[in-house]
Amino acid sequence: MNSLIELLAKHKAEVSAAVVNDAASLEQFRIQYLGTKGLVKSLMGEMKNVLPEDKKEAGRLLNEFKLFVENQFQLLLEQYGSESNSKGSKSDDIDLSLPGVELPLGSRHPISIIRDRMVEIFERLGFRVAEGPEIEDDWHNFTALNLPEHHPARDMQDTFYISQQPDWLLRTHTSSVQIREMQKGQLPLRIICPGRVYRNETISARAHCFFHQVEGLYIAENVSFADLKQTLYHFVKEMFGEQAKIRFRPSYFPFTEPSAEMDISCLICEGKGCSVCKRTGWVEILGCGMVHPQVLENCGIDSTKYSGFAFGMGIERITMLMYQVKDLRLFSENDVRFLKQFTLA
Ligand SMILES: [Zn+2]
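Thresholds, definitions, all that
- Residues numbered from 1 in each chain as written.
- Predicted model: local features only at pLDDT ≥ 70, side-chain atom pairs only at ≥ 80, totals over all residues.
- Heavy atoms only, no water.
- Helix = DSSP H or I, 4+ residues; strand = E, 2+ residues; numbered from the N terminus.
- 1 Å grid on protein atoms, 1.4 Å probe; cavity = no way out; pocket = protein on both sides within 12 Å on 5 of 7 lines; lining within 4 Å.
- Points joined across faces, edges and corners; volume = space filled by probe spheres on them.
- Nonpolar A, V, L, I, M, F, W, Y, C, P; charged D, E, K, R; others polar.
- Pairing = 2+ DSSP bridges.
- Contact = heavy atoms within 4.5 Å.
- Axes fitted to C-alpha atoms, helices over the stretch in contact; angles between N-to-C directions.
- Donors = N, O, S within 2.8 Å, 3.2 Å for Na, K, Ca; no water.
- Buried < 20%, exposed > 50% of the residue type's maximum accessible area, 1.4 Å probe, protein only.
- Phe/Tyr/Trp six-rings, centres within 6.5 Å; stacked < 30°, edge-to-face > 60°.
- Lys NZ or Arg CZ within 6 Å of the ring centre and 35° of its normal.
- Core = buried A, V, L, I, M, F, W, Y, C linked by side-chain atoms within 4.5 Å.
- Expected span 1.5 Å × (residues − 1).
- Salt bridge = Lys/Arg side-chain N within 4 Å of Asp/Glu carboxyl O.

Asker: How should the environment of valine 15 be read in this particular structure?
Answerer: Relative to the helices and strands, valine 15 resides in helix H1 (residues 2-17). Put simply, valine 15 and phenylalanine 311 are 296 residues apart on the chain and 76 Å apart in space, counted from C-alpha to C-alpha.

Asker: Quick question: what am I supposed to make of the layout of surface pockets here?
Answerer: Rolling a probe over the atoms, with the probe sized like a water molecule, indicates the empty space that remains. Approximately 370 Å³ is the volume attributed to the second largest pocket. For the lining of the second largest pocket, the per-class residue count stands at 7 nonpolar, 7 polar and 6 charged.

Asker: Sorry if this is basic, but what is going on with the sheet that holds strand E10 (residues 307-314) here?
Answerer: By definition, the strands of a sheet pair up through backbone hydrogen bonds, in either a parallel or an antiparallel sense. Spatially, E1-E5-E6-E10-E9-E8-E7 is the arrangement adopted by the 7 strands of the open sheet, whose pairing is mixed. In this open sheet, the two strands that pair with only one neighbour each are strand E1 (128-129) and strand E7 (246-253). Relative to strand E6 (residues 210-220), strand E5 (residues 189-198) runs antiparallel, the two being bridged by 10 bridges. Looking across to E6, one finds that proline 194 is bridged to valine 214. Against the sheet, helix H8 (residues 225-240) engages E7, strand E8 (256-265), strand E9 (282-291) and E10, with an angle of about 150 degrees to E9.

Asker: Hey, could you run me through the coordination of the zinc ion in this one?
Answerer: For a metal bound by four donors in tetrahedral geometry, the ideal donor-metal-donor angle is 109.5 degrees, whereas six donors in octahedral geometry ideally sit at 90 or 180 degrees. For the zinc ion, the full set of protein donor atoms is Cys266 (SG), Cys269 (SG), Cys274 (SG) and Cys277 (SG), and the range of their distances to it is 2.2 to 2.3 Å. Coordination of the zinc ion draws on donor residues from a single chain, spaced C-x2-C-x4-C-x2-C in sequence. Taken as a pair, cysteine 266 in the loop between E8 and E9 and cysteine 277 in the loop between E8 and E9 lie far apart in primary sequence, 11 residues in all. Residue cysteine 277 is classed as buried on the basis of its relative accessible area, which comes to 3%.

Asker: Just checking my understanding: could you explain the packing of aromatic side chains for this structure?
Answerer: Here the distance between the centres and the angle between the planes together describe a pair of aromatic rings. Going through the model one piece at a time under the given rule, you end up with 14 aromatic pairs. On the basis of an interplanar angle of 5 degrees and a centroid distance of 5.9 Å, the ring pair of phenylalanine 253 and phenylalanine 255 is categorised as stacked. Here the aromatic residues Phe122, Phe127, Tyr218, Phe235, Phe240, Phe309 and Phe311 are joined through ring pairs into a cluster of three or more. The side chain of lysine 12 reaches across the aromatic face of phenylalanine 68, ending 5.4 Å from its centre. It is arginine 190 that lies over the ring of tyrosine 218; its NZ or CZ is 4.7 Å from the centre.

Asker: Just checking my understanding: could you explain the sheet that holds strand E2 (residues 135-137) for this structure?
Answerer: In spatial order, the strands read E2-E4-E3; together these 3 strands make up an open sheet with antiparallel pairing. Lying at the two open borders of the sheet, with one neighbouring strand each, are E2 and strand E3 (161-162).

Asker: Which parts of the structure should I look at to understand the nonpolar core?
Answerer: Across soluble globular proteins, nonpolar side chains have a tendency to be buried as a group. Counting 44 residues, the largest nonpolar core has Met118, Phe235, Phe240, Ile285 and Phe311 as its most contacted members. Looking at this core, the elements that each hand over two or more residues are helix H5 (110-124), E6, H8, E8, E9, E10, helix H10 (315-323) and helix H11 (336-339). In contact with methionine 118, other than residues within four places in its own chain, are Val214, Phe235, Met239, Met313, Ile315 and Ile318. Listed in part, the 23 residues of the second largest apolar core include Ala144, Cys193, Ile219 and Val295.

Asker: How should H1 be read in this particular structure?
Answerer: An α-helical turn contains 3.6 residues, so a residue and the one three or four places further along point in the same direction. Counted at 1.5 Å a residue, the expected span for H1 with its 16 residues is 22 Å, and the 23 Å between its end C-alpha atoms agrees. Contact partners of the buried residues in H1: helix H2 (23-34), helix H3 (39-45) and helix H4 (55-81).

Asker: What am I meant to see in the pattern of salt bridges here?
Answerer: Two side chains carrying opposite charge are able to pair once their charged atoms lie near each other. On inspection of all chains with the given rule, the structure shows 17 salt bridges. Salt bridges sharing partners connect three or more residues here, namely Arg108, Arg115 and Asp116.

Asker: Help me understand unusual backbone geometry, please; the structure alone is not making it clear to me.
Answerer: Outside of glycine, negative phi angles account for most residues, and trans bonds account for most peptide bonds. Cis geometry marks the peptide bond from leucine 187 to proline 188; its omega dihedral reads -5 degrees. Locating proline 188 in the fold gives a position in the loop between helix H7 (175-183) and E5. Here the amide bond leading from glutamate 257 into proline 258 is cis, since omega sits at -5 degrees, within 30 degrees of zero. Take proline 258: it is sitting in strand E8. Positive phi, normally seen in glycine, also occurs at asparagine 146, with a value near 70 degrees. Residue placement: asparagine 146 occurs in the loop between helix H6 (138-141) and E3. A residue is classified by how much of its surface remains accessible, and asparagine 146, at 19% relative accessible area, is buried. Backbone geometry places arginine 279, a non-glycine residue, at a positive phi of 65 degrees. On the secondary structure map, arginine 279 appears in the loop between E8 and E9.

Geometric values such as these leave the question of function open.
In structure tokens form, the structure reads like this:
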């Protein structure tokens, strides 16, 4: 026991005499005495060799030594620890009149900017925002929308399934939100559904495994295709300006009948033809149509009394068009050089 007391006294003297005069030597001190392979740890390790009757006293002495070293380190830390940051200057030398470190302010993501503008336009027309889960079941995402199993149109919307729950998937469109809202049965219904959707696509400049949509739905008595056209016509003028022209092309979607795709005149070449519009002067921006009576019936709505229209568009597509972004991947790469260009719109 006496040898331990002597040994610790010797170490105490050594710790007290340790030369610390900057952050580097302080770190050296910490490693030498308090590190995982330092003196305190190794002395503690010696406890197993102490005779059982001496263990209690030895433990007390070692703990006392440990506290001594820790205190010593704390004192040195207050003296030298903070100095490494101010490069050797004393704390009372700080010039408080110097300008501070500027914190970079973030900016709105271009997808958010465009989404908010779109939502705002439809809100002024009386649409309200509806949201739903990104993990959906097969019925809400496909079957209720007239896309029964083995329907070929499902191939174009291959997505990600959850292996433990084969009925669950990542939604391929926000139409599933429309289904959920229709099921509530509160008519008339006038909603807009912005949100993230997923597809099993190879990632490229023009396709990604996730993107964003804004879909709209209006169901009431006597809703006609003329209402659909007028609503979208108003949207295009508000979004792209008075000079934008629109055209409808017949199309096919299982959940609308009749269905159409809508183009706007190319914003870049104003219809003269450029690489963005592939020399046609037109750019496709959305799909739309009158809600298929079967879809209404699937949600418990009387299709002889009610009718409605629906439309859907990709936010990325429109953002790329508005800001002339050529690569879809830029939106999700978190490159600040790209993102900071979109302060406000
Ligand atoms: Zn063009």
